[in-house]
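Here is how the chains run, residue by residue.
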Amino acid sequence: EADIYQTPRYLVIGTGKKITLECSQTMGHDKMYWYQQDPGMELHLIHYSYGVNSTEKGDLSSESTVSRIRTEHFPLTLESARPSHTSQYLCASSAWTGNYGYTFGSGTRLTVV
Amino acid sequence: AQSVTQPDIHITVSEGASLELRCNYSYGATPYLFWYVQSPGQGLQLLLKYFSGDTLVQGIKGFEAEFKRSQSSFNLRKPSVHWSDAAEYFCAVGGGGGSYIPTFGRGTSLIVHP
């Protein structure tokens, strides 16, 4: 079944550690996105990609980086985690533009202590 | 730039009652409009979308939404709510300017009483 997978689902990590959140999709979608979600707030776009070797920063300033070496894989990396990075991170993909609707992963809930 | 307002942070209904969740948008042209649902601990799932044509849109799980251009609204409705509908609901408006990335509202939390 075509889907989008995020790992890990939950992560508790100490300040200063480097972490990578994984996102993979089996639908062959060119467009992929990372959102940050906090309770009661809008989803904030932090990175997106329109294809292999294409990455862009979103509206929300972020200390994370992304890469897109393969169509199906769009990992997000924090070089040095801080408590302010505590949040839920959602990965999404779309066949055309986001205006045709997203498929979301189940999210990674990150806690930095 | 486009924007979305969901006026209600929480909505409480009894099981079997009807539901209407409000969404108002701001966009200069004919909008792309979406409703997504997020169950606890999950990502968002697309319920329905409007691009053009019939202003009453049918979605999954028995939901529908009506686009009203004069009111800049895209309210979500369901005639009879089930306990499993308890979730967070997000309205979104499609983007322009070349990126075509939607803007999401803050969400409305639906609580269903037995």
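Residues numbered from 1 in each chain as written. Chains lettered and ligands numbered in written order. Predicted model: local features only at pLDDT ≥ 70, side-chain atom pairs only at ≥ 80, totals over all residues. Heavy atoms only, no water.

Participant: Would you take a moment to explain the overall build of chain B for this structure?
Facilitator: Tallying secondary structure elements over chain B gives zero helices and 12 strands in all. Beginning at the N terminus, the succession of helices and strands in chain B can be written as β-β-β-β-β-β-β-β-β-β-β-β. In terms of overall size, chain B behaves like a compact globule, its C-alpha atoms giving a radius of gyration of 14 Å where 114 residues would be expected to give roughly 13 Å. Its C-alpha atoms give chain B principal-axis dimensions of about 45 × 30 × 20 Å. In chain B, which comprises 114 residues, the share counted as buried stands at 46%. Taking the contacts inside chain B whose residues are at least 6 apart along the sequence as the reference set, 55% of them involve residues at least 24 apart. About 5300 Å² of surface is accessible on chain B, with carbon and sulfur atoms providing 49% of the total. The averaged location of the 8 negative side-chain charges in chain B is 6 Å from the averaged location of its 8 positive side-chain charges. (Helix = DSSP H or I, 4+ residues; strand = E, 2+ residues; numbered from the N terminus. Rg over C-alpha atoms; globule rule 2.2 N^0.38 Å. Buried < 20%, exposed > 50% of the residue type's maximum accessible area, 1.4 Å probe, protein only. Contact = heavy atoms within 4.5 Å. Areas by Shrake-Rupley, 256 points an atom, 1.4 Å probe, with all protein chains shown as cover. Lys, Arg positive; Asp, Glu negative; His and termini not counted. Charge placed at Lys NZ, Arg CZ, Asp CG, Glu CD.)

Participant: I keep staring at the state of the cysteines and nothing clicks. Help me out?
Facilitator: When the sulfur atoms of two cysteines share a covalent bond, that bond is a disulfide. Following the criterion strictly, the structure yields two disulfides over all chains and no others. Residue Cys23(A) pairs covalently with Cys91(A) via a disulfide, S to S 1.9 Å. When the S-S torsion is -75°, as for the bridge of Cys23(A) with Cys91(A), the disulfide is left-handed. Of this pair, Cys23(A) sits in strand S3 (residues 19–25) while Cys91(A) is found in strand S9 (residues 87–94), placing the two residues 68 residues apart along the sequence. Comparing Cys23(A) with Cys91(A) shows no difference in burial state: the two are buried. Disulfide pairing places Cys23(B) opposite Cys91(B) at an S-S distance of 1.9 Å. Where Cys23(B) bonds to Cys91(B) through sulfur, the torsion about that S-S bond is close to -65°, and the disulfide is left-handed. Taken as a pair, Cys23(B) in the loop between strand S3 (19–21) and strand S4 (24–26) and Cys91(B) in strand S10 (residues 87–93) lie far apart in primary sequence, 68 residues in all. (Disulfide = S-S within 2.5 Å.)

Participant: I keep staring at the interface of chain A and chain B and nothing clicks. Help me out?
Facilitator: Buried accessible area, meaning the area lost when the parts come together, often serves as the stated size of an interface. Each partner contributes residues to the interface: chain A has 22 residues there, and chain B has 21 residues. Taking both sides of the interface into account, the surface hidden between chain A and chain B amounts to around 1800 Å²; carbon and sulfur atoms contribute 52%. If you sort the residues of chain A by the area they bury against chain B, Glu42(A), Asn99(A) and Tyr100(A) come out on top, with a joint share of 31%. Inspection of the chain A/chain B interface yields one salt bridge. The tally of links between chain A and chain B comes to five residue pairs in polar contact (both at pLDDT 80 or more). Where the side of chain A that touches chain B is concerned, the elements lending two or more residues are strand S4 (31–37), strand S5 (44–51) and S9 of chain A. Grouping the constituent residues of the side of chain A that touches chain B by class yields 11 nonpolar, nine polar and two charged. (Buried area = accessible area lost by both parts, 1.4 Å probe. Salt bridge = Lys/Arg side-chain N within 4 Å of Asp/Glu carboxyl O. Polar contact = N/O pair within 3.5 Å; in protein donor to acceptor, adjacent residues only side chain to side chain. Nonpolar A, V, L, I, M, F, W, Y, C, P; charged D, E, K, R; others polar.)

Participant: I'm lost on the sheet that holds S3(A) in this one. Help?
Facilitator: The pairing of strands in a sheet happens through backbone hydrogen bonds and is either parallel or antiparallel. All names here are of chain A. Strand order in the open sheet formed by four strands is S1-S3-S8-S7, and the pairing between neighbours is antiparallel. Of all the strands in the sheet, just strand S1 (4–7) and strand S7 (64–66) have a single pairing partner and so form its edges. Pairwise comparison of adjacent strand axes, ignoring direction, gives a mean angle of 15° for this sheet. Relative to strand S8 (residues 76–78), S7 is paired through three bridges, and the arrangement is antiparallel. Note on S8: the bridge partner recorded for Val66 is Leu76. (Pairing = 2+ DSSP bridges. Axes fitted to C-alpha atoms, helices over the stretch in contact; angles between N-to-C directions.)

Participant: Teacher, can you tell me more about the nonpolar core here?
Facilitator: Nonpolar side chains tend toward joint burial in soluble globular proteins. Trp35(B), Leu48(B), Leu76(B) and Tyr89(B) are the most contacted members of the largest nonpolar core, which totals 26 residues. Only strand S2 (10–14), S3, strand S5 (33–38), strand S6 (44–50), strand S8 (64–68), strand S9 (73–78), S10 and strand S12 (108–113) of chain B provide two or more residues apiece to this core. Of all the elements, S10(B) adds the most residues to this core, at four residues. In this structure, Leu76(B) is in contact with Leu19(B), Glu20(B), Leu21(B), Trp35(B), Leu47(B), Leu48(B), Phe63(B), Glu64(B), Ala65(B) and Tyr89(B), ignoring residues within four places of it in sequence. In this structure, Cys23(A), Ile46(A), Val66(A) and Cys91(A) belong to the second largest nonpolar core, which totals 17 residues. (Core = buried A, V, L, I, M, F, W, Y, C linked by side-chain atoms within 4.5 Å.)

Participant: Whenever I open this one, the pairing of S8(B) confuses me. Can you help?
Facilitator: In summary, the side chains of a regular strand alternate between the two faces of the sheet. Residue and element names in this part refer to chain B. Alignment of strand S7 (residues 56–58) against S8, held across three bridges, turns out to be antiparallel. The residue bridging Gln58 from the neighbouring strand is Glu64, located in S8. Linkage of S7 to S8, two consecutive antiparallel strands, is achieved through a turn of five residues, within which Lys61 is found at a positive phi near 60°. The pairing of S8 with S9 spans five bridges and is antiparallel. Each residue of the ladder has a partner; that of Glu66, found in S9, is Asn75. Connecting S8 to the antiparallel partner S9 that follows it, the hairpin turn spans four residues, and Ser72 within it adopts a positive phi of roughly 50°.

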